Amino acid sequence: MTYETLEVWAEGPVGWLVFNRPEASNAIDARMFVELEAAWAELEADPSVRAIVNTGNGQAFQTGLDVKQFATDPDALRASSRQTRDFALRMTSWHCGVTKPVIAAVNGTCAGGGLHFVADSDIVVAAEDATFLDPHVSVGQVSAFETIGLIKKAPMESVTRMALMGAHERLSAARAHQLGIVSEVVAASDLRDRARTLALSLAEHPPARIASIKQALWSALEAP
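Residues numbered from 1 in each chain as written. Predicted model: local features only at pLDDT ≥ 70, side-chain atom pairs only at ≥ 80, totals over all residues. Heavy atoms only, no water.

When its secondary structure is counted, the protein chain shows nine helices and 10 strands. On C-alpha atoms alone, the protein chain measures out to a radius of gyration of 16 Å, which is about the 17 Å that the 2.2 N^0.38 rule sets for 224 residues. By its C-alpha atoms, the protein chain is 45 × 40 × 40 Å across when sized along the principal axes. Taken across its 224 residues, the protein chain has 46% of its residues classed as buried. Contacts in the protein chain between residues at least 24 apart in sequence constitute 73% of all its contacts with a sequence separation of at least 6. Element-wise, carbon and sulfur atoms account for 56% of the exposed surface of the protein chain, whose accessible area totals about 10700 Å². Separation between the mean location of the 19 positive side-chain charges and that of the 27 negative ones in the protein chain comes to 4 Å. (Helix = DSSP H or I, 4+ residues; strand = E, 2+ residues; numbered from the N terminus. Rg over C-alpha atoms; globule rule 2.2 N^0.38 Å. Buried < 20%, exposed > 50% of the residue type's maximum accessible area, 1.4 Å probe, protein only. Contact = heavy atoms within 4.5 Å. Areas by Shrake-Rupley, 256 points an atom, 1.4 Å probe, with all protein chains shown as cover. Lys, Arg positive; Asp, Glu negative; His and termini not counted. Charge placed at Lys NZ, Arg CZ, Asp CG, Glu CD.)

What follows is the structure, encoded as structure tokens:
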């Protein structure tokens, strides 16, 4: 598949899924909605890929829905709203049933729907200048799936504060590390190299064993 909003490739056993709308802070438009599901499926199906790195081009990691586009495209807005209403989102690796380990390498701003990709990754590393915020309430929306996912991994009070404060609350990479939202903070210039190194380490283990561990842990997280 030819991608317009993503860059997708395999580098030995490491697959890369890179948000590629830097001019729009990598916000998700209608095209990216379609391409994300296809990209995860492509990397999951590639037998040479044993671990996947998800990051962004430009100054932002991911900033959620492109509200400017959806405001002028009622069909795209209805489709997105229907997916949310029906619990049928197909954006992240978890949504798409990816069994391979996924590393989110957070560069720059991670906002709103971008938190989906943090909550749904197996390992999260961040550049030292990365920031995290949930502006839903500040733009007249309700924060739900992203922060629900995060409170399964991080202290509820901190995630709740971020959701309720909206644009007034921005977590630094260092603070996100303290809260357990990310496991490692590195220099921005080292982010992709560090993510690649982690992915190569994961790729040394038998894929079936890694998939079983991932399934067991995520099933426990989702259980009542």
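Below, the discussion takes up helix α8 (residues 191–203). An ideal rise of 1.5 Å per residue puts 18 Å on 13 residues; α8 measures up with 18 Å between its terminal C-alpha atoms. Those residues of α8 that fall on the buried side of the exposure criterion are Leu191, Ala195, Leu198, Ala199, Leu202 and Ala203. The buried residues of α8 occupy one face: seen down the axis, they fall within an arc of 140°. Those residues of α8 hidden inside the fold are in contact with β2 (14–19), β3 (51–56), β5 (102–106), β7 (123–127), β10 (184–186) and α9 (207–222). (Expected span 1.5 Å × (residues − 1). Arc of directions from axis to C-beta.)

Moving on, we get to the environment of Glu35. One can find Glu35 in helix α1 (residues 30–45). Overall, Glu35 belongs to the buried group, its relative accessible area being 0%. Sequence-wise, Glu35 and Asp134 are 99 residues apart; in three dimensions their C-alpha atoms are separated by 24 Å. Sequence-distant contacts of Glu35, that is, excluding residues within four places in its chain, are made with Met1, Thr2, Tyr3, Glu4, Thr5 and Leu6.

This part covers the pairing of β5. Across the five residues of β5, five count as buried, placing the element largely inside the fold. Burial along β5 is two-sided: the face carrying Val102, Ala104 and Val106 and the face carrying Ile103 and Ala105 are both buried. Relative to β5, β3 is paired through three bridges, and the arrangement is parallel. The residue of β5 that forms the bridge with Val53 is Ile103. Two elements, β5 and β7, share four bridges in a ladder whose sense is parallel. Along β7, the bridge assignment pairs Ile103 with Ile123. (Pairing = 2+ DSSP bridges.)

This part is about the environment of Leu36. Locating Leu36 in the fold gives a position in helix α1. Residue classification places Leu36 among the buried residues on the basis of a relative accessible area of 0%. For the pair formed by Leu36 and Phe19, sequence separation is 17 residues and the distance between their alpha carbons is 9.2 Å.

Positive phi, normally seen in glycine, also occurs at Ser25, with a value near 55°. Looking at the element boundaries, Ser25 is found in the loop between β2 and α1. According to the relative accessible area criterion, Ser25 is partly exposed, its value standing at 34%.

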